[in-house]
Amino acid sequence: MESCVHRIEVRYTTDPRLKMRTSRIRSLGFAVDELHLIDVYTLYTSTRDFSKTELADIGTQLVNPVVQKFLADTPTQIPFDYAIEVGFLPGVTDNVGATARQTIEDFFSLKFAEGEAVYTSQLFLVSGTLSPAELQKLAVTLANPLVNRVLIKTRTEYGNKGMDPVVPVVHLDELPTAETVNLDIEDMELARIGKEGIVDSLTGQRRGPLALDLAQMRAIRDNFAAQGRMPTDIEIESLAQTWSEHCKHTIFASAMDDDVPNGLYKTFIQAATNKIRAEKGDKDICVTVFTDNSGSIIFDDTYLVTHKVETHNSPSALDPFGGALTGIVGVNRDTIGFGLGAKPCINFYGYCVGDPDCDPALFRGKNKSTPILSPRQILDGVVRGVGVGGNCSGIPTPQGWCLFDNRYVGKPLVFAGTVGVMPLEHAGRKLYEKEAAPGDFIVVAGGRVGKDGIHGATFSSEALDHASPVTAVQIGDPITQKKLSDVIVNEARDQELYRSITDNGAGGISCSVAEMAKECNGCHVYLDKVPLKYHGMAPWEIWISESQERMTLAVPPEKLDSFMSLMQSRDVEATVIGKFSDSGKCVVEWHGKVVMEITLDFLHDGAPKKHLKTTYLKTTYPEPESFCPDRLDATMRSMLGRKNLCSKEFISIQYDHTVQGGHVLGPVQGAGRVQSLATLTKVVPGSKKGVGLSQGIFPSYSEIDSYLMAGAAIDTAIRGLIAIGVPLDTIAILDNFCWCSSDEPERLGQLKRAAQGCYDYAVQFGTPFISGKDSMYNDFSGFDAEDNPVKVSVPPTLLISSIGIHADVAKSVSMDAKIEGDLVYVIGETSEELGGSEYFALLGGIGNTIPKLDATLLKARYGRLTDALTHELVASAFPVSHGGLGTALAKVAIAGQLGMDITIPSAMRPDYYLFSESLGRFVVTVAPDHKRAFERCCGADAQLLGRVGGKNLRITSDKLLLDLPVTELTNAYKAPFRGY
Amino acid sequence: MTIAAQRNSPRVTGLTQRSELAMIDEKALIMSGFGINSEMETKEVLARAGMDADIVHINDLIAGRKSLSEYRLLVFPGGFSYGDDTGAGNAYANRVRNNLWVDLLEFLDGDNLVLGICNGFQILANLGLVPAFDKHYARDIALMPNRGGRLECRFVSLKPAADNLWTKGIERLYCPVAHGEGNLSCSADTLLRLKRQKMIAFTYCHDDLTPAYGEYPWNPNGSVEDIAGITSADGKVLGLMPHPERAMEFVNLYDWPLRKEEMRRKGLTVPTESMNMQLFRNAIGYFR
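Counting starts from 1 at the beginning of each chain's written sequence and moves along it residue by residue. Written order decides the labels, with chains lettered from A and ligands numbered from 1. At least 70 in pLDDT is required for a residue's local features to be given in this predicted model, at least 80 for side-chain atom pairs to be given and counted, and no such filter applies to totals for whole chains, interfaces and linings, which use all residues. Side-chain calculation: all heavy atoms of the structure are included, whereas hydrogens and water are not.

## A few points about the sheet that holds strand E19 (residues 550-555) of chain A
All names here are of chain A.
Logical step 1: Spatially, seven strands are ordered E17-E19-E16-E20-E18-E21-E22 in an open sheet, and the strand pairing comes out mixed. Of all strands in the sheet, those with a lone pairing partner are strand E17 (500-503) and strand E22 (593-599), marking the two edges. Going across the sheet, the axis of each strand differs from the next one's by a mean of 25 degrees, ignoring polarity.
Logical step 2: Two strands qualify as a pair provided that DSSP identifies no fewer than 2 bridges between them. A helix here means a DSSP run of H or I that spans at least four residues, while a strand means a run of E at least two residues long, and both kinds are numbered starting from the N terminus. Of the pairings in the sheet, the one linking strand E21 (residues 585-590) to E22 comprises six bridges and is antiparallel in character. Pairing of Trp590 across the sheet is with Lys593, part of E22.
Logical step 3: Working rule for contacts: check all heavy atoms of both residues, and any pair within 4.5 Å makes them a contact. For helices, the fitted axis covers only the stretch in contact; all axes are lines through C-alpha atoms, and the angles between them, taken along N-to-C directions, range from 0 to 180 degrees. On the sheet, helix H8 (residues 233-242) packs against E21 and E22 and is oriented at approximately 35 degrees with respect to E22.

In structure tokens, the structure reads:
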């Protein structure tokens, strides 16, 4: 029969969000009086039609009649001037549509046929006076051209007919096949294929970057030449995925100069961990490091905890919401894919973005084509993306941070991490070990495969420019993944229904299957069995697609029936796509024809080795010229209002940080609600223990000295945990390098120094690396408004994330000053170390003296503070970090909503003393009754500065420097992001 | 029928001591599946209060692998069922109504209790299990998007607004909200009936129990009359937006570090449990 299309429009009779939505749009500069939102469901069927009565039944199911109305095949008629409808482009995941479809199927007890669907879109009805150009700009704000389609109508055009029903069906040619690719060509053309992709024989277009250099292309050519045949497109694409910087970390693995023949990773990261583990002996906390999807440490005798931090920078630059969402749900899968499946129990985030108040006019193409997204749009999108991911998945997101620097305008950095928890054993089986066996079925479970996310791995291995593929963006569906996660972690794992599991992230099944095939030495895949979102995908696309929410499992034949019926009973799609073997090969068939046959040796180790050369050049910056003002009241207000120091509470409160019931120390603390630097969460009910999380990141130090930058990051990550009472010997750390221009020897020189710093300080503190990731090309290449080429590179950025175990959370301390009369101490020395500091940035300079550290000294100091905390001698503790002692004191006062009377030594310039970022320091408050015991414990490290009390923060040296009401400090601290 | 609370039940001030009462024989069924996510902590809190619970996937009820009739307390826990698509709780409620309605009616006619927290409350509202005036299961209230337009997670204080089996002995609850759609709305007529029949169980309030009067952030979502939770007309069904199960221990409370210091300075013993346990003890007490 003819295809049938019906359109149901749903609206609130009185929309509670109308005021907020309108005011947000107005705040972006649009002269809009009212912005109404109508939810639209487009029903597309071909095997049956729905009657008027049936459409009314469907409408009733899609609204709450108390506050909502629906109209079937009748346009909404309310006063407005323009209509903007935003829907999805063909092939983009439509989660709401899928839910509406299930509701309709349940109600009528029917099943939608192949190709039938419910599509959703949002209809914005705008009142106001807007020029056509403004209208276009508003549409861009409401939609993302990469994933959305937009239709605009004036009131007259809308008339009585309303909007036109649009069915975003993907139309693709039938059954594409694998093509052979001739690599017996000139080097220049060979290099071009590596850079821009294979030429599609049908369209004549390049298929998108392989990120393979000439040496790698030659190695591929020679390998197949030796076999006397030409490679297929799927073979080349597969090698590109597996050899990508993103998957193989070639820069960290390659020999460097003469002194690092084994590469940075083995020499500085892995070696540090090995040394620390050996030195700790029986007290080693590591369970699995580097080899699995996450790293793991001992929680107690029964449980382990995992941690992994990923970046999703390139996708987030193009589609901030989708990129960040898939970033967080992707790293959740690194937890579910750890061992035989750990339960995600804490999410973690970090954002490096441009100043949201700036609007850089930069373009990916010439003639002002494809402008980059503004930092504000990127910030809003990534904040929402990580929120939706964690909130929908029921994983608390307490810990995170947000850092602003305009060198991140071209490419934001989006860090997403997940902590998991898992018993060490179940019924005698070690849950942190896994091994696929020859003969096991290869099963893919979860979402279906579409064109989304193709070339994600290779594209994140390249700089972002006009050629960045649009299909590289993925849309996440957290609920599909939640269903999958629940059935794996809560049921299938402990029923022992599979032998191995890994997630599908970068490179899709091409990487996950090939990776698992190493466990048994071979695999045979029937690619035509892979369930697709729509027909017509080429085999190479199916093989490398990064469609989300999929795990790959090795299911023994005798468990297959139980596994499949369990999946079916939980509405999780699972499909056998092949078998693991011991052939030593990765073989892929497509409708009975072998389209790929590569030895695992060549696939995993065939990439030619590189030898990288570095140089290091010390840059000197002018010291800012300034004098110390007589009074520092205004300076303090400015410091607290700096975007990197002020409250970003709007992020913390839109992230559910209490689900799973383990909240102990949260993202904001005290009556004054100040953002903390560390959080503490219970992850095992009934246990007194908790998991502490913190981090350190100092990109503003990188250009001065990346070695000390690494030290600052490690110390700060550790110190955040020490402050809440986590002992040093339970702490492990993770490294995430986000570098730029990693083909330049100077940048590699900075990288080498940073890696050396990682080794030295980790070993001195005794904190092992358990997992790490790197992203080496965070550069933007484009044009300004006058078509001048512009390159914007991120500052070399190293995030150190820390995880540690608190023995008794009831003894942990928060950061807020608590009781009038308590004593205020600073623990640790302050030196004149303001290079790269927030204070110098306020003064408009950079400087050169960044903080040094003596880890051996600090280790002893942290041990003494841990003793004081264990004996409950401390009422509050807060590490001194970005912004120095002055802002730390102010934050402790704001958090407690209590004043303080502070006297500082007069030897140093007072502004330098207050805002130097020297490492190893804490502000603590102590009950007067505990004074002697505390001082005995912390010794000469603790210097008494004053007392808690009154309504003002007063700071004096040899004269009064600052006297500000806490209410005023609070306002300065909270003002910048009010209204976000 | 209205189940009145015992008039002279002792007010428990502040924090209750851990109960030594044994586990009861009756069991609770906690619904799961399709994005519900608070089933584990809900099971834990019930166990601590004295009732064993089974977490049951809705598909197992639909397929008949489990039966509602084996249980006395039915809990719809918090979560993000169906990702809030088509309205929070709506799609899950549709799945229940389209597949389990007869069993559910039978359960409601028995001497049983139903509790819905957050997403669970949204499901109850869409099923019409609250307010259910005269056992008429119609959608009479809506939990609309928050006034602020997005999800918000923060601790709130709740004051019992009626004496019933759920609120007995509770002076104040202090627990997190974490929802994007908790803004209770209903017709003037429905509101009047809710008040007249004393079905408003909890309201948002200041820490000193004075009303929030709609003011943010004490009333976090714009709910009419600061309503945080209501019961059914017969009192046996409670729907509540905030999450008492997420703050069962003293150390789960937002302000515990300050309260601990204050208590220690006064020489008081720092408790291990939070005041929020009382709600679950009350539910279980109904079966004792």
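## Observations regarding empty space enclosed by the protein
Gaps left between atoms show up when a probe the size of a water molecule is rolled over them.
Logical step 1: Grid points spaced at 1 Å over the protein atoms alone were grouped into cavities, where a 1.4 Å probe fits but cannot get out, and pockets, open sets with protein on both sides within 12 Å along at least five of seven lines, with lining residues defined by an atom within 4 Å of a point. Grid points are joined across faces, edges and corners, and a volume is the space filled by probe spheres set on the points. Scanning the model with the defined rule gives eight cavities of 30 Å³ or more in all.
Logical step 2: In this structure, the largest cavity occupies an estimated 220 Å³ of space.
Logical step 3: For the lining of the largest cavity, the secondary structure elements donating two or more residues are helix H13 (320-336), strand E10 (343-353) and helix H16 (478-492) of chain A together with helix H1 (39-49) of chain B.
Logical step 4: In terms of residue count, H16 of chain A provides more of the lining of the largest cavity than any other element does, seven residues in total.
Logical step 5: Here the lining of the largest cavity is built from residues that sort into seven nonpolar, eight polar and five charged.
Logical step 6: Considered as a void within the structure, the second largest cavity measures approximately 70 Å³ in volume. Throughout, the ten residues Ala, Val, Leu, Ile, Met, Phe, Trp, Tyr, Cys and Pro are labelled nonpolar, Asp, Glu, Lys and Arg are labelled charged, and all others, Gly among them, are labelled polar.

## Description of the pattern of salt bridges
All names here are of chain A.
Logical step 1: The rule for a salt bridge is simple: a side-chain nitrogen of Lys or Arg has to be within 4 Å of a carboxyl oxygen of Asp or Glu. Overall, the coordinates contain 79 salt bridges over all chains when judged by the stated rule.
Logical step 2: For Lys773, the salt bridge identified is with Glu310, shortest N-O distance 2.9 Å. Here Glu310 lies in strand E9 (residues 303-311) and Lys773 lies in strand E30 (residues 769-775), a separation of 463 residues in the sequence.
Logical step 3: With relative accessibility at 14%, the residue Lys773 sits in the buried group.
Logical step 4: A salt bridge links Lys931 to Glu935; the nearest nitrogen and oxygen atoms lie 3.3 Å apart. Separated by four residues within a single helix, Lys931 and Glu935 lie in helix H30 (residues 931-938), roughly one turn from each other.
Logical step 5: Exposure categories follow from relative accessible area, calculated using a 1.4 Å probe and restricted to protein chains: below 20% of the type maximum is buried, above 50% is exposed, and the middle band is partly exposed. Residue Lys931 is classed as partly exposed on the basis of its relative accessible area of 30%.
Logical step 6: Since its relative accessible area comes to 29%, Glu935 is described here as partly exposed.
Logical step 7: Connected via shared salt-bridge partners are Glu179, Asp200, Arg207 and Asp233.

## Observations concerning the pairing of E10 of chain A
Residue and element names in this part refer to chain A.
Logical step 1: Burial within E10 is extensive, with 10 of its 11 residues counted as buried.
Logical step 2: The sheet contact formed by E10 and strand E13 (residues 413-423) spans nine bridges and is antiparallel. By the bridge assignment for E13, Lys343 is matched with Val421.
Logical step 3: Summarising the sheet, E10 and strand E12 (residues 399-404) pair through six bridges and their orientation is parallel. Looking at E12, one finds that Val353 is bridged to Phe404.

## Concerning the interface of chain A and chain B
Logical step 1: The partner chain B presents 63 residues to the 74 residues of chain A that form the contact.
Logical step 2: On inspection of chain A and its partner chain B, the count reaches six salt bridges.
Logical step 3: Between Arg265 of chain B and Asp822 of chain A there is a salt bridge whose closest N-O contact spans 2.7 Å.
Logical step 4: Going through the elements one at a time, helix H1 (18-27), helix H2 (52-61), helix H3 (95-108), helix H14 (375-393), H16, helix H22 (649-654), strand E24 (663-665) and strand E25 (668-669) of chain A are the ones with two or more residues in the side of chain A that touches chain B.
Logical step 5: Ranked by the residues each element gives to the side of chain A that touches chain B, the list is headed by H3 of chain A, at eight residues.

## Looking at the packing of helix H24 (residues 706-724) of chain A against helix H25 (residues 745-765) of chain A
Residue and element names in this part refer to chain A.
Logical step 1: One way to put it is that H24 packs onto H25 with a least axis distance of 7 Å and a crossing angle of 40 degrees. Judged on the interaxial angle alone, H25 and H24 are oblique. Our pair here, H24 against H25, has a crossing hand that is right-handed. Residues Ser706, Tyr707, Leu708, Met709, Ala710, Gly711, Ile714, Asp715 and Ile718 of H24 lie in contact with H25, whose contacting residues are Gln750, Arg753, Ala754, Gln756, Gly757, Cys758, Asp760, Tyr761, Ala762 and Phe765.
Logical step 2: Here the contact of H24 with H25 is built from residues that sort into 11 nonpolar, five polar and three charged. Each angle receives one of four descriptions, namely roughly parallel if under 35 degrees, roughly antiparallel if over 145, roughly perpendicular if within 65 to 115, and oblique otherwise. Crossing handedness: left-handed means the near helix sits turned counterclockwise from the far one by under a right angle, and right-handed means the same turn made clockwise.

## What about unusual backbone geometry?
Logical step 1: Residue Val130 of chain B is joined to Pro131 of chain B through a cis peptide bond whose omega torsion reads -5 degrees.
Logical step 2: Considering the arrangement of structural elements, one finds Pro131 of chain B in the loop between helix H4 (119-127) and strand E5 (141-144).
Logical step 3: Here the bond from Tyr216 of chain B into Pro217 of chain B is cis, since omega is 0 degrees, no more than 30 degrees from zero.
Logical step 4: Looking at the element boundaries, Pro217 of chain B is found in the loop between strand E9 (200-205) and strand E10 (227-231).
Logical step 5: Positive phi is not limited to glycine here, since Ser109 of chain A has a value of about 50 degrees.
Logical step 6: The phi torsion at Asp257 of chain A lies on the positive side, around 50 degrees, for a residue other than glycine.
Logical step 7: One can find Asp257 of chain A in the loop between strand E7 (255-256) and helix H11 (263-280).
Logical step 8: According to the relative accessible area criterion, Asp257 of chain A is buried, its value standing at 11%.

## Looking at the domain arrangement of chain A
Logical step 1: For chain A, the assigned domains read domain 1 (4-158), domain 2 (172-255 + 450-475 + 497-546 + 564-607), domain 3 (262-433 + 615-622 + 659-671 + 682-812) and domain 4 (813-980).
Logical step 2: The domain boundaries here were taken from an automatic or database domain assignment. Placing a centre on the C-alpha atoms of domain 2 of chain A and another on those of domain 4 of chain A gives a separation of 53 Å.

## What to know about the state of the cysteines
Residue and element names in this part refer to chain B.
Logical step 1: Defined by distance alone, a disulfide is two cysteine sulfur atoms within 2.5 Å. Inspection of every chain in the model, using the stated rule, returns zero disulfides over all chains.
Logical step 2: The thiol of Cys118 is unpaired, and the distance to the nearest cysteine sulfur, on Cys153, comes to 9.9 Å.
Logical step 3: For Cys118, a relative accessible area of 3% translates into the label buried.

## A closer look at the environment of Val691 of chain A
All names here are of chain A.
Logical step 1: Along the chain, Val691 falls in strand E28 (residues 690-697).
Logical step 2: Along the primary structure Val691 and Ile805 are separated by 114 residues, whereas in three dimensions their C-alpha atoms are 4.9 Å apart.
Logical step 3: When near neighbours in sequence (up to four residues on either side) are disregarded, Val691 contacts Phe299, Val305, Ile346, Val419, Thr679, Leu680, Thr681, Val683, Ile803, Gly804 and Ile805.

## Focus: the pairing of strand E1 (residues 27-32) of chain B
Along any regular strand, the residues point their side chains to alternate faces of the sheet.
Residues and elements named next belong to chain B.
Logical step 1: With respect to burial, E1 is a largely interior element, five of its six residues being buried.
Logical step 2: Strand direction decides the pairing type here: E1 and strand E2 (residues 52-57), joined by six bridges, are parallel. Residue Met31 lies in a different strand from E2, and its bridge partner there is Val56.
Logical step 3: Note on the crossover from E1 through H1 to E2: the handedness is right-handed.
Logical step 4: Direction of pairing for E1 relative to strand E3 (residues 73-76): parallel, over a ladder of three bridges. Among the inter-strand pairings, Ile30 is bridged to a residue of E3, identified as Val75. When the strands point away from the viewer and the connection leading from the first strand across the helix to the second strand turns clockwise, the crossover is called right-handed.

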